[in-house]
Every structure is written in structure tokens, then in C-alpha cells.
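# Overview (structure and organization)
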Amino acid sequence: IMAEAGAGGPRLAELLALGRRLWDELEASTESSSGAPAVQDKVRQGLDALQRAAAMVTQLELFSENEELEEIASADLKFILLPALLGALTLKQVDLSRRKEHLESAREHFLSFLKLCKNYGLGSFQLPPGTSGEEETGSLSTPRDPTQPNLVAMALNRKAKIERYKQKKELENKLASMSSSVESGTADEDQIREFYILQIQKWIGTSLEEIESIDQELVILKSRDAARQVPAGPRGPSRPARTPMKPFILTRDAAQARVFGAGYPGLPTMTVDDWYEQRRKQGIVSTPQRVPGANDEERQKQQQETQEEKDDEEALRKARDWDDWKDTHPRGYGNRHNMG
């Protein structure tokens, strides 16, 4: 197997190096938008190179569950990082319509990397809860109230995050001090082996963090999809569609309706009472309740105006009767008080 790997090594190493270089450029990029064409082009190139490299590793059977870490050649250790890099680049894709698919694919890549590391004893860590063959951290034999938070698991999770952060900083410092000698080719085999193992351990922490973030986002996406699929029926009867109202003139009373109707023949008139009655039949509003103060004053005003109209009609009738009487009776008719 190692001979085959050596034969295909240069090509395989070139693909991995291309994927790593593109990943480093994306991480150091100052591009404001991750959806920029130049950024997404690098993502596609990196994914293509790493996927081809992963296929070659599988074909060569470079890693086996039956071997120990010491059996892996130092030059081949770097290929363990392939699934982790694939997961990281998969998350860089910005197609929102396929976001769930990308999240699940990236999670599988990170999980494959963690399982591979677990098999070779690279790092001390727990696989994410629910992973096949791994017991959940903090699980108890006694049943727990699901409505109450698992304080033990939360405390352990917080402690693990703090520990991973400290380890990450230590690993970054060690890698920075060793990178120059490894890249220049002056490092011996032991140094090269340690350098690759430190890189793997750094990506173990990154993969655990990414899986936790992916799981949280998947929960949000599933809740959103479920909310979109809920039928509208259980939330109550839907309101009937309202027909658009035609323009009309709203008046205070019938007298105003007659006046405006004569002046604006193109628009129908409607009194306030008629308008409320129409709305009540449509089920939009209920019959309005009269306000004691304002409505009583308005009603008194209307009554006063009506009374004044009646008084005017009575005065007009009397004046017409008086004119008719004077036409048939000369001035002084019936005056018998000063007959002399």
C-alpha cells in the first residue's frame, strides 16, 4: 500500500497542497462578502481538488482501522486532514437554497475526520452526542425532567470549550515556531511527524466547534421549515376576502345627503347610520355605541335646527295669511273705537 501511495504521492500531495493553499487564502482574505465571485471560485476549486484527493486516498486504502498510529508514514499523516478541510470548505458555500444540504454534508466530513482521529488515538476528546458507538456525556440512569436544563452536561460542555480554547492557543504557538523549518525542508522526520500531529489536533478542536454550530443551525432551519408547512386551518377561521369599496360621500344626515347628492351626481351619498348598517351586515364592525356627551349635544343641535325650520315655516304661513287678509279688507276695517 505504501508503495502505491508513493507512486501516487506527488499527484495526491499536489491536490492536498492546492486545497490547503486555497483554504489559507480564503481565511486571510479581506473580501467583504463571502458570496463574491472570486471567493466562491476559490471555494469550488478547493473542493474539487480535495474531493479528488479524498477519492485517491480511499482507492489506495491509505488508512485502516486495524493499524496503529506508528504504522502510518510521517509523510502520509497530513492526508488525515482531508475530511476536515472538505468540511470547512463546504461551509464556505453560500447557496441559501442548499444550505441544509451543505450543513449536513460538512457535518459528515467533520465526523469522518473525528472518527479517524479517534481510531488512531489522536487527541483525547468525546465524539458529539448521538454519534453511533459513542455514549452521550452526562447521561444518567435515572430519568430526567426534559423541561429542566441538564446542568451537569452544560457544565461539562463549558469546561470542554475552555479547555479546547487553551489547547488551540498552545497548538497555534507550537505550529508557528515549527512551520519555518518544516516548509524549508530542514526539519527531520520526527519534527515533521510532530508538526502534522499538532495540525491534526488543532483541527480536532475546530471540527468539534463546527459540528456544535452546525447542529444549532440545523435546529433553526428545521423549525423554520416546520413553521412554513403548518396549515392555516388550526389557527382559526380565515376572514372572508373584503371586496374593494367604491368611493362615496359620507354625510351626517339625510338632509346633507340630499344636498351633496344634488351637487355631486357622480358620487353616491350615504349617511353615517347607513354606512354603519352596511358595515354591520358585512360583519366588519358592530353597531356603534353612542357616546353620552358628544352625541347628546349633537342630537340637541339637530332638534334645535329642526324646531327652527318648523318655526320658520309657521311664520311664513302666518305672513302669507296676513297678506291674503289685507287684499280683501281695506285699511281701518273693523275700527269702531273712534266713531265720534
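Residues numbered from 1 in each chain as written. Predicted model: local features only at pLDDT ≥ 70, side-chain atom pairs only at ≥ 80, totals over all residues. Heavy atoms only, no water.

## Considering the overall build of the chain
Quick note on the threshold: Only DSSP runs of H or I with at least four residues qualify as helices, and only runs of E with at least two residues qualify as strands; both kinds are numbered from the N terminus onward. Type-normalised accessible area, obtained with a 1.4 Å probe on protein chains alone, sets the label of each residue: buried when under 20%, exposed when over 50%, and partly exposed for intermediate values. In this description, contact between two residues means that some pair of their heavy atoms is separated by no more than 4.5 Å. Accessible areas in this description were obtained via Shrake-Rupley with a 1.4 Å probe; residue shielding takes into account the shown protein chains only.
Across its full length, the chain holds 9 helices and 2 strands. Across the 340 residues that make up the chain, the buried fraction comes to 28%. Within the chain, contacts between residues separated by at least 24 positions form 64% of all contacts whose residues are at least 6 apart in sequence. Roughly 24,000 Å² of accessible area belongs to the chain as shown, and the carbon and sulfur atoms make up 51% of that amount.

## Some thoughts on the environment of D273
Mapped onto the secondary structure, D273 falls in helix α8 (residues 272-281). C-alpha of D273 to C-alpha of T251: the two residues are 22 residues apart in sequence and 9.3 Å apart in space.

## Re the side chain of K78
Basically, it comes down to this: Within this scheme the basic residues Lys and Arg register as positive and the acidic residues Asp and Glu register as negative, but His and the chain ends are omitted. Here a salt bridge means any side-chain nitrogen of Lys or Arg lying within 4 Å of a carboxyl oxygen belonging to Asp or Glu.
Note that K78 resides in the loop between α2 (37-60) and α3 (82-90). Although K78 lies buried, it forms no salt bridge, and the closest oppositely charged side chain, D76, sits 5.7 Å away as judged by the N-O distance. In contact with K78, other than residues within four places in its own chain, are L16 and Y196.

## Considerations on unusual backbone geometry
Located in the positive-phi region is E61, a residue other than glycine, with phi close to 50 degrees. Mapped onto the fold, E61 is located in the loop between α2 and α3. The exposure class of E61 is exposed, given its relative accessible area of 53%.

## Details of the packing of α3 against helix α4 (residues 99-119)
For any two helices packed against each other, one specifies the inter-axial angle together with the distance between the axes. Inclusion rule: Interaxial angles span 0 to 180 degrees and are taken between N-to-C directions of axes, which are lines fitted to C-alpha atoms, for helices over the stretch in contact. Reported orientations rely on four angle classes, namely roughly parallel under 35 degrees, roughly antiparallel over 145, roughly perpendicular from 65 to 115, and oblique for the rest. We call a crossing left-handed when the near helix sits turned anticlockwise from the far one by less than a right angle, and right-handed when that turn is clockwise. The nonpolar class holds Ala, Val, Leu, Ile, Met, Phe, Trp, Tyr, Cys and Pro. Asp, Glu, Lys and Arg form the charged class, and all remaining residues, Gly among them, are polar.
Put simply, α3 and α4 touch, their axes get as near as 7 Å, and they point 160 degrees apart. With respect to each other, α3 and α4 are oriented roughly antiparallel. Note on packing geometry: the crossing formed by α3 with α4 is left-handed. Along its contact with α3, which presents P83, A84, L86, G87, A88 and T90, the element α4 presents H102, S105, A106, H109, F110, S112 and F113. For the contact of α3 with α4, a count of residues per class yields 7 nonpolar, 6 polar and no charged.

## Digging into the packing of aromatic side chains
To keep it simple, the criterion reads: In this scheme Phe, Tyr and Trp rings, the latter by its six-membered ring, pair at centre separations within 6.5 Å, and the angle between planes marks the pair as stacked below 30 degrees, edge-to-face above 60, and tilted otherwise. Only Lys NZ and Arg CZ are tested; either one counts as a charge over a ring when it is within 6 Å of the ring centre and within 35 degrees of the ring normal.
Overall, the coordinates contain 3 aromatic pairs when judged by the stated rule. A ring pair is formed by W23 and W203, whose centres lie 5.8 Å apart and whose planes are at 55 degrees; its orientation type is tilted. Pair noted here: W23 is in helix α1 (residues 2-28) and W203 is in helix α6 (residues 189-229), with a separation of 180 residues, a long-range link. Classification of W23 as buried rests on a relative accessible area of 12%. K118 extends its terminal NZ or CZ atom over the ring of F125, reaching a point 4.9 Å from the ring centre.

## Some remarks on the packing of α2 against α3
Interhelical geometry of α2 versus α3 gives an angle of 155 degrees and a closest axis separation of 10 Å. Between α2 and α3, the crossing angle belongs to the class labelled roughly antiparallel. The two elements α2 and α3 meet at a crossing, and its hand is left-handed. In this structure, α2 uses V43, G46, L47, L50, Q51, A53, A54 and V57 to contact α3, whose residues at the interface are L82, L85, L86, L89 and T90.

## A word on the pattern of salt bridges
Between side chains of opposite charge, a pair can form when the charged atoms approach closely. For the coordinates displayed, the defined rule picks out 12 salt bridges. Residue K92 pairs with E27 through a salt bridge whose shortest N-O separation is 3.1 Å. Remark: E27 occurs in helix α1 and K92 occurs in the loop between α3 and α4; sequence separation between them is 65 residues. Look at K92 and you get partly exposed, because its relative accessible area is 26%. Note that E172 and K169 form a salt bridge whose closest N and O atoms lie 3.9 Å from each other. Of this pair, E172 and K169 are both found in helix α5 (residues 151-184), 3 residues apart, which corresponds to roughly one turn of the helix. Here E172 falls in the partly exposed class, since its relative accessible area comes to 27%. Classification of K169 by relative accessible area gives partly exposed; the value is 37%.

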